[in-house]
Amino acid sequence: MGMQRMKLAAIMFFKPALIGLIGVLAGFVVSIPMIIMFIYNPIRLSGNMAKTMEQFGLEPYMYFSAIPSVFYEQLMIPAWSLLIAGYPLIMAMKLKVHWSDGPDIS
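What you see is a predicted model, and the numbers here were worked out from it, not measured in a lab. Counting from 1, residues in each chain are numbered in the order their sequence is written. Given that this is a predicted model, residues contribute local features only at a pLDDT of at least 70 and side-chain atom pairs are listed and counted only at 80 or more, while totals for whole chains, interfaces and linings are drawn from all residues. Think of the side-chain values as coming from all heavy atoms in the structure, minus any hydrogens and water.

**Q** Summarise the overall build of the chain; cite the residues concerned and give the values.
**A** What counts as a helix is a DSSP run of H or I of at least four residues, what counts as a strand is a run of E of at least two, and both are numbered from the N terminus. Looking only at helices and strands, the chain has 4 helices and 2 strands in total. Only protein chains enter the accessibility calculation, which uses a 1.4 Å probe; a residue whose area is less than 20% of its type maximum is buried, one above 50% is exposed, and one in between is partly exposed. Counting all 106 residues of the chain, 16% fall into the buried class. We call two residues in contact whenever any of their non-hydrogen atoms come within 4.5 Å of each other. Taking contacts inside the chain between residues at least 6 apart in sequence as the whole, the part at least 24 apart equals 63%. To be clear on the numbers: accessible area is Shrake-Rupley with a 1.4 Å probe, and residue cover counts the displayed protein chains and nothing else. Of the roughly 9,000 Å² of accessible surface on the chain, a fraction of 71% belongs to carbon and sulfur atoms.

Okay, structure coming up:
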C-alpha cells in the first residue's frame, strides 16, 4: 500500500503552493475595497495624536495610498510559497522505497 514517489511529491508541492496563492487572492479581494474606501475617507486622528500631527504642521488624518509598487511587492508571497513548497518536494523525492513481496506470514 502506498503512493508513488512522484505523486506524493506533487501533492506535497501543490498543497502549500495553492494555500499560499489562495491566501494572496483572498487578501487582495478583502483589502482592495477597504483601501479604496480609506483613500476617499481617510481616518481622522483625535486627541494627543492629532495635536502632535498639528505641531509638525501636518493635517490630523491618516491617509492611504494605492501606489502600484505596494501591490507588486505582495507578489513575493506566492514566490515564497513556491520556495517553501519546494522543501517537502525535495524530501519526498529523497524517500527510500523498499519493495517487498508481501507480508511475511511465517
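**Q** Residues and numbers for the side chain of Ser81, please.
**A** On the secondary structure map, Ser81 appears in helix H4 (residues 76–93). A residue is classified by how much of its surface remains accessible, and Ser81, at 14% relative accessible area, is buried. What Ser81 contacts, discounting residues up to four positions off in sequence, is Pro16 and Gly20.

**Q** Quick rundown of the environment of Leu21? Include the residues and the values.
**A** Its location among the elements puts Leu21 in helix H1 (residues 5–40). For Leu21, a relative accessible area of 38% translates into the label partly exposed. Residues Leu21 and Ser81, spaced 60 residues apart in sequence, show a C-alpha to C-alpha distance of 7.8 Å.

**Q** So what's going on with a nonpolar patch on the surface? Residues and values would help.
**A** Residues Ile32, Ile36, Ile39, Tyr40, Ile43, Met62 and Phe64 make up a contiguous nonpolar surface patch of roughly 610 Å² in combined accessible area. When residues in the nonpolar patch are grouped by element, the largest group, 4 residues, is from H1. Its relative accessible area of 44% is what places Ile36 among the partly exposed residues. The residues that make up patches have over 30% relative accessible area and no salt bridge, and they are joined within 9 Å when like-charged or within 5 Å when they are Val, Leu, Ile, Met, Phe, Trp or Tyr. Salt-bridge detection follows one rule: a side-chain nitrogen of Lys or Arg within 4 Å of a carboxyl oxygen of Asp or Glu.

**Q** I'd like a description of H1, backed by residues and values.
**A** To estimate the expected span of a helix, subtract one from its residue number and multiply by 1.5 Å. For H1, which comprises 36 residues, the first-to-last C-alpha distance of 53 Å matches the rise-based estimate of 52 Å (1.5 Å per residue) to within 8%. Axes are fitted to the seven residues ending at a residue and to the seven starting at it; the angle between these axes is taken as the bend at that residue. Along H1, the sharpest change in direction is near 30 degrees and occurs at Ser31; proline Pro33 comes one to four residues later. Among the residues of H1, Ala9, Phe13, Ala17, Gly20, Val24 and Ile35 are the ones counted as buried.

**Q** An account of the packing of H1 against H4 is needed here, citing residue identities and associated values.
**A** Packing of H1 against H4 leaves a shortest axis separation of 8 Å and a crossing angle of 165 degrees. Our classification of the angle between H1 and H4 gives roughly antiparallel. Of the two possible hands of crossing, H1 and H4 adopt the one that is right-handed. When H1 is examined against H4, the residues Arg5, Met6, Leu8, Ala9, Met12, Phe13, Pro16, Ala17, Gly20 and Val24 are found in contact with a partner set consisting of Ile77, Pro78, Ser81, Leu82, Ala85, Gly86, Pro88, Leu89, Ala92 and Met93. Polar here means any residue other than Ala, Val, Leu, Ile, Met, Phe, Trp, Tyr, Cys and Pro, which are nonpolar, and Asp, Glu, Lys and Arg, which are charged; Gly is therefore polar. Residue composition of the contact of H1 with H4, by class: 16 nonpolar, 3 polar and 1 charged. Every axis corresponds to a line fitted to the C-alpha atoms, with the helix fit spanning only the stretch in contact, and the corresponding angles, defined between N-to-C directions, vary from 0 to 180 degrees. What sets the label is the angle itself: under 35 degrees gives roughly parallel, over 145 gives roughly antiparallel, 65 to 115 gives roughly perpendicular, and the rest give oblique. Crossing handedness follows the turn of the near helix against the far one: under a right angle anticlockwise gives a left-handed crossing, and clockwise gives a right-handed one.

**Q** Which residues make up the environment of Gly86, and what values do they have?
**A** Relative to the helices and strands, Gly86 is located in helix H4. When the C-alpha atoms of Gly86 and Ala17 are compared, they prove to be 9.0 Å apart, with 69 residues separating the residues in sequence.

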